[in-house]
Amino acid sequence: MDPAIIPKPRSLVTHTGSIPVRPILRPADAPVEAAAALRALEPAIGEENSVGLSLEFLRGQCDPESYRLVIGHDGVRLYAGDEPGFFYAAQTLRQLLFAAARAGSGLPLLEIEDSPRFSYRGFMFDSCRHFFGIDEVKRLVDLAAAHKLNVFHWHLTEDQGWRIESLLYPRLTELGSRRGETRGDGIPHGGFYSRDDVREVVAYAAERRIEVIPEFDLPGHVTAALAAYPQLGCTGGPYEVATRFGIWEDILCAGNDDVLEFLRGVLGEICELFPGRYVHIGGDEAPKARWRECPRCQARIRDENLAGEEDLQAWLMNRAAEIVESHGKTAIAWNDGISSDHLASGIVQQFWMERGEAPRAAREANGGRRTIVSDYYHYYLDYPYGMTSLAKTYGYDPVFEGLERPESILGVEAPLWTEYVADRESIDRQVFPRLTAMAETGWSGPHASAYADFRRRLSHFYPYLESMGASPEALGKVDPGPLAGRWQVARFWGRAVDRKMIATLWKMATGRH
Ligand code: ACM
Ligand code: ZN
């Protein structure tokens with residue numbers, strides 16, 4: 001049986017025999033590109049001058065994320081072209097060392113050649129519906145790195161709380177980071193990340209080859225910001241940080257030049273704090289009721305020769321994207337924010353939800369728009385396993401229906417929304433092992449016919465996850481039968497009546513999967 005590595009490597013050849021597991025000898029002349037890999041292996045490195053396992057890092061010419069790992073009688077060799085490749089080789093070696101130590105066996109002689117299918121492999125964490133401190137965020141970053149993911153999408157602004165410090169707009173956190181209660185529980189909830197917290201997380205992630213992508217969700221999901229600065233809404237308020245979940249009609253006023261100034265200021269601060277290539281500007285679930293009634297929004301529509309409110313959203317998203325671009329970065333938006341033909345072509349779409357029978361997302365991607373796939377029906381980690389079983393997540397092919405240009409797909413991302421996730425145990429149960437399944441798809445493509453093999457490898461991966469402090473959902477519960485599944489969905493449905501759930505129940509009722 002092949003060693004149980006997750007994500008499954010592209011090519012793995014085993015030879016008969018093994019070498020004893022010993023502490024690794026610190027390599028004498030590792031290239032600078034191997035620094036992050038060495039740090040990842042540090043716990044396995046032995047004392048100076050001990051009898052240990054020889055480890056060599058060798059520079060080769062290949063894609064930055066690809067690597068070769070050779071275990072021979074004379075030790076371990078890691079080949080890569082750049083830092084990420086060495087880091088991923090180290091992640092694979094960590095798994096092999098852990099498995100051998102646990103089984104009390106040797107390290108199998110083998111040769112692995114490996115490289116990812118997609119260049120974008122992400123996990124999204126909502127720090128707004130429930131706030132978690134940076135220790136928890138860093139733990140999740142660590143776990144993402146162990147899955148060879150390279151993006152941590154940090155959802156930082158919401159109706160229920162603004163979570164990132166701003167020097168230009170201090171009331172965003174002074175007022176906007178706290179809510180009086182959550183769904184009538186009478187318990188105040190709050191918290192935010194200081195600029196130093198953010199820098200710490202960004203540096204921690206960078207050491208693990210992970211880019212942190214901040215999200216400032218606009219023009220909707222901004223009730224907390226409006227509570228702090230009511231003049232940014234169409235009606236002027238007053239507004240309160242939301243204490244319930246859902247979709248709120250008060251959104252940023254697109255006719256108010258102060259809003260553009262606000263976007264320049266806050267997005268500018270965000271761009272300065274996050275050194276990565278992307279900034280997420282949201283765009284999802286923005287009802288147009290206020291804009292239809294607002295004289296300033298209507299004046300903007302006239303002045304800019306726009307066809308209506310959907311065009312006005314595209315206009316505002318384009319302004320936000322220009323700000324992001326002026327800082328040398330690319331904007332990402334949720335695909336339901338693209339209901340106009342006038343959204344700038346450079347904005348990346350994150351496909352989470354189709355609209356109608358001929359998904360606009362497919363048309364956009366076929367027209368060349370770069371796309372991240374987060375189909376809510378397969379990749380949303382907040383849903384119960386009865387709705388989104390492990391088998392369903394694993395079997396999903398991100399080349400979604402109607403897509404004719406698969407090269408438009410940058411990659412995959414699984415979001416964890418935290419409306420009903422308030423502690424670490426719930427995070428882990430929801431995230432693992434479904435994120436593990438998505439990580440394998442993002443790395444080596446879906447192996448739909450090989451689900452049994454994935455489950456076999458997963459049973460070995462569990463102790464490894466647990467050794468890193470994670471508590472994944474019990475393997476016996478991740479593929480519930482129809483009865484247990486329906487019960488879970490009914491319970492979830494009882495709590496979360498929203499647009500997504502209605503669409504989901506419709507799909508389940510009509511058998512459209
Ligand atoms: C989303 O789930 N509203 C992006
Ligand atoms: Zn307005």
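Just above, that's the structure.
Presented here is an overview of the structure given in this document.

Conventions used here
Residues numbered from 1 in each chain as written. Chains lettered and ligands numbered in written order. Predicted model: local features only at pLDDT ≥ 70, side-chain atom pairs only at ≥ 80, totals over all residues. Heavy atoms only, no water. Donors = N, O, S within 2.8 Å, 3.2 Å for Na, K, Ca; no water. Tetrahedral: all angles 85-135°; square planar, octahedral: opposite > 155°, others 65-115°. Buried < 20%, exposed > 50% of the residue type's maximum accessible area, 1.4 Å probe, protein only. Salt bridge = Lys/Arg side-chain N within 4 Å of Asp/Glu carboxyl O. Helix = DSSP H or I, 4+ residues; strand = E, 2+ residues; numbered from the N terminus. Phe/Tyr/Trp six-rings, centres within 6.5 Å; stacked < 30°, edge-to-face > 60°. Lys NZ or Arg CZ within 6 Å of the ring centre and 35° of its normal. Axes fitted to C-alpha atoms, helices over the stretch in contact; angles between N-to-C directions. Parallel < 35°, antiparallel > 145°, perpendicular 65-115°, else oblique. Contact = heavy atoms within 4.5 Å. Nonpolar A, V, L, I, M, F, W, Y, C, P; charged D, E, K, R; others polar. Core = buried A, V, L, I, M, F, W, Y, C linked by side-chain atoms within 4.5 Å.

## Considerations on the coordination of the zinc ion (ligand 2)
Here comes step 1: For the zinc ion (ligand 2), the full set of protein donor atoms is Cys234 (SG), Cys253 (SG), Cys294 (SG) and Cys297 (SG), at a range of 2.3 to 2.4 Å.
Here comes step 2: Angles of 107 to 113° at the metal separate the 4 donor atoms of the zinc ion (ligand 2), which places the site in the tetrahedral class.
Here comes step 3: The class for Cys297 is buried, based on a relative accessible area of 0%.

## A closer look at the pattern of salt bridges
Here comes step 1: Applying the stated rule across the entire model yields 36 salt bridges.
Here comes step 2: Taking the shortest distance from any N to any O, the salt bridge between Glu136 and Arg424 comes out at 2.8 Å. In this pair, Glu136 is assigned in helix 3 (residues 134-146) and Arg424 in helix 14 (residues 424-431), connecting sequence segments 288 residues apart.
Here comes step 3: Linking Arg139 and Asp428 is a salt bridge whose minimum nitrogen-to-oxygen distance equals 2.7 Å. You can see Arg139 sitting in helix 3 and its partner Asp428 sitting in helix 14, a full 289 residues away along the chain.

## Section: the packing of aromatic side chains
Here comes step 1: On inspection of all chains with the given rule, the structure shows 32 aromatic pairs.
Here comes step 2: Between Tyr169 and Phe262 the ring centres are 4.8 Å apart and the planes differ by 85°, which places this aromatic pair in the edge-to-face class. Separated by 93 residues along the polypeptide, Tyr169 in the loop between strand 9 (161-162) and helix 4 (171-174) and Phe262 in helix 7 (residues 257-273) bring together distant segments of the chain. The burial state of Tyr169 is the same as that of Phe262; both residues are buried.
Here comes step 3: Geometrically, the ring pair formed by Tyr376 and Tyr377 is tilted, given 6.1 Å between the ring centres and 50° between the ring planes. Summarising the burial analysis for this pair, Tyr376 and Tyr377 share the class buried.
Here comes step 4: Residue placement shows Lys148 over the ring face of Trp443; its charged tip is 5.6 Å from the ring centre.
Here comes step 5: The ring of Tyr204 has Arg208 sitting right over it, with the charged end atom 3.6 Å from the ring centre.

## Topic: the packing of helix 5 (residues 195-207) against helix 7
Here comes step 1: In the contact formed by helix 5 and helix 7, the axes pass within 10 Å of each other and the chain directions differ by 40°. As the angle between them shows, helix 5 and helix 7 are arranged oblique. Packed against helix 5, whose contacting residues are Arg195, Val198, Arg199 and Val202, the element helix 7 presents Glu269, Glu272 and Leu273 at the interface.
Here comes step 2: Of the residues contributing to the contact of helix 5 with helix 7, the split by class is 3 nonpolar, no polar and 4 charged.

## With respect to the nonpolar core
Here comes step 1: Among the nonpolar cores identified, the biggest contains 148 residues, and Phe123, Phe152, Trp154, Phe262, Leu263, Phe274 and Ile281 are the most heavily contacted of them.
Here comes step 2: Setting aside chain neighbours within four positions, we find Phe123 in contact with Leu140, Leu149, Val151, Phe152, His153, Leu381, Glu413, Ala414, Leu416, Val431 and Leu435.
Here comes step 3: Ranked by size, the runner-up nonpolar core spans 12 residues in total, among them Met124, Trp334, Tyr376 and Tyr383.

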